[in-house]
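# Descriptive analysis of the structure
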Amino acid sequence: MNVVEVDTQPYRDQRPGTSGLRKKVPVFQQQNYLENFVQSIFDSLEGYQKATLVVGGDGRFYNRHAIQVILRMAAANGFGRVLVGRGGLLSTPAASCVIRKHQAFGGIILSASHNPAGPDGDFGIKYNIANGGPAPEKITEAIYQKSQSIRRYRILDSQELDLETLGEQQLGGMTVEIIDPVSDYAELMQQLFDFDRIRALVDSGLFDMRFDAMHAITGPYAVEIFENRLGVPPDAIMNAVPREDFGGGHPDPNLVYAKELVDILFAADAPDFGAASDGDGDRNMILGRRCFVTPSDSLAVLAANAHLTPGYRLGLAGIARSMPTSQAADRVADRLGIELFETPTGWKFFGNLLDAGKATLCGEESFGTGSNHVREKDGLWAVLFWLNLLAVRKESVHDIITGHWRSYGRNYYSRHDYEGVDADGAGQLIDALRKLGNTLRGKTYGDYEVAFSDDFAYTDPIDGSVSEHQGIRIGFTDGSRIVFRLSGTGTEGATLRVYLERYEPIPDRQLLDAQDALADMIRIAEEIARVRHYTRRDAPSVIT
């Protein structure tokens, strides 16, 4: 087997976003496009010779081809060992788990998360560092700079490897071990949660659930954990077989794209509990019987009840949330007497806090929650956490969430997404808001007075790094908020996200529909930002 150095030219569009490099499959299929980026990852690293690399992905179209390329390039660049999930599969949180457990140098994860898949769909690749978390900005910037000057890549001239058979194979001087993608992760979950108690709930005959894997990566994980270890009936696990095109669906676990599950949970004969995860397994949606739990409320409930689970019974060091996430968790942190950290959107911003022992639980409004057990958000972890709470508290999801509101107050909250809008128009909207600066302070809109408006910037309390232009915040004197932000997770046009929040402490006023309770905020957002004008849309694409 010979190492071949292949001449190449840079592609100018290989700057990683908040979750790596995401493009349409045909973009990645361009000559040397994938190879350039992989070589740029290796060229930005130091000291990895003979070290261990973890590789896997969510099983979407192009996953298998990309893994074969990465393995041959890793061997040519001097890695000593690569751990690969069988069939090329590893959920994103499981990849983080494997990196940490086996003390790997890092990992390459192939996923475009919740984006659609298939030959004309999306594909993605990102590098995770030794703590199991996404590469910080200094590394992603270094990768991008290498991609702009690349002139050659190194690859082994060899046949493709068998990715289906567990065990070791040799690829040049490098050992490739095909591992069970589920086992390490399942064992970690069993350490964190009371599986005996959850199984007793399932076996009681008084509890019924549904889990929708959306034909994505979590199907095999759900079968092993829910069915084999917890006794959940097989027909309770929906769309469990991973497909390269996710069955033609959009694997984003929200009220729009997980409609099949939502319809089941809001039917007259609804089960007690429902949940879904996304393309790569790092997001979650939680439902009760005719009850939707917002991700922001989910984080707050988990934090308030963490002591009821084996893995968190000793308490929490702190809670971290992304800036657009509602302030519900802030109230829990205040009552517990622990710190609350507000970070930019992107799980990588939680890594330093977790590594330093400053935070234990983390969450984002974009259906992501997790903890210090790995360095990625974790969909199945959140589902198991809720199952553990249901087994201990012996209450319904609805009773748990309304009881939480009575105790802490309710943060009415919603996100309005305008997907695939004209990028120039969306950029002009943000620029116009940015120019307003704090000139809105003191202005009144109906019963609401602006307390501040700014462009959120974050100074990392651990390493002092600064991240600017993270979203426009408009705060009101009663604690209500409107946030405007452009998302970096799409591959076409731009996605404008508008976040709306209002706090209600009085229990008798806590059971309104969120959109009705936020009607004033919706109106004010349009008045200030002229969303319809800039997006040329009369309504959001998705409301959650």
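Heads up: the structure comes first, above all this text.
Below or above, wherever it landed, is the structure these notes cover. (Residues numbered from 1 in each chain as written. Predicted model: local features only at pLDDT ≥ 70, side-chain atom pairs only at ≥ 80, totals over all residues. Heavy atoms only, no water.)

## Some thoughts on the side chain of Lys126
The topology assignment puts Lys126 in strand β6 (residues 122–128). In this structure the side chain of Lys126 is engaged in a polar contact, spanning 2.8 Å, whose partner is the side chain of Glu376. Every residue in contact with Lys126, bar those within four places of it in the chain, is listed here: Ser19, Gly20, Thr92, Gly107, Ile108, Ile109, Pro134 and Glu376. (Helix = DSSP H or I, 4+ residues; strand = E, 2+ residues; numbered from the N terminus. Polar contact = N/O pair within 3.5 Å; in protein donor to acceptor, adjacent residues only side chain to side chain. Contact = heavy atoms within 4.5 Å.)

## Thoughts on unusual backbone geometry
Backbone geometry places Phe367, a non-glycine residue, at a positive phi of 65 degrees. Position of Phe367 relative to the elements: it lies in the loop between β17 (361–364) and β18 (368–371). Look at His469: it is not a glycine, yet its phi comes out positive at around 55 degrees. In this structure, His469 sits in the loop between β23 (466–467) and β24 (472–476). Note on His469: relative accessible area 52%, which makes it exposed. (Buried < 20%, exposed > 50% of the residue type's maximum accessible area, 1.4 Å probe, protein only.)

## Details of the environment of Ala275
Tracing the sequence through the fold places Ala275 in strand β12 (residues 273–277). Taking relative accessible area as the criterion, Ala275 reaches 0% and is therefore assigned buried. Sequence separation of Ala275 and Glu5 is 270 residues, and the distance between their C-alpha atoms is 48 Å. Setting aside its immediate chain neighbours within four residues, Ala275 contacts Arg210, Phe211, Asp212, Leu261, Met285, Ile286 and Val383.

## A look at the pattern of salt bridges
Within the structure shown, the criterion is met by 34 salt bridges. A salt bridge links Glu164 to Arg64; the shortest N-O distance between them is 2.4 Å. One end of the pair, Glu164, is in the loop between β7 (152–157) and β8 (167–171); the other, Arg64, is in helix α3 (residues 63–76), with 100 residues separating them in the sequence. Using a relative accessible area of 42% as the deciding quantity, one classes Glu164 as partly exposed. Put simply, Asp263 and Lys259 hold a salt bridge, and the shortest N to O gap is 2.8 Å. Of this pair, Asp263 and Lys259 are both found in helix α9 (residues 259–265), 4 residues apart, which corresponds to roughly one turn of the helix. Given the relative accessible area of 41%, Asp263 is considered partly exposed. Exposure remark for Lys259: the relative accessible area of 48% places this residue in the partly exposed category. (Salt bridge = Lys/Arg side-chain N within 4 Å of Asp/Glu carboxyl O.)

## Here we look at the packing of aromatic side chains
Scanning the entire structure with this criterion turns up 21 aromatic pairs. Judged by centre distance (5.1 Å) and plane angle (80 degrees), the rings of Phe28 and Phe123 are edge-to-face. Here Phe123 lies in strand β6 and Phe28 lies in helix α1 (residues 25–28), a separation of 95 residues in the sequence. For the pair Phe28 and Phe123, one class covers both residues: buried. With centroids separated by 6.5 Å and ring planes inclined at 45 degrees, the aromatic side chains of Phe193 and Tyr312 adopt a geometry described as tilted. (Phe/Tyr/Trp six-rings, centres within 6.5 Å; stacked < 30°, edge-to-face > 60°.)

## Some remarks on the side chain of Asp122
When you line up the elements, Asp122 lands in strand β6. Residue Asp122 is classed as buried on the basis of its relative accessible area of 4%.

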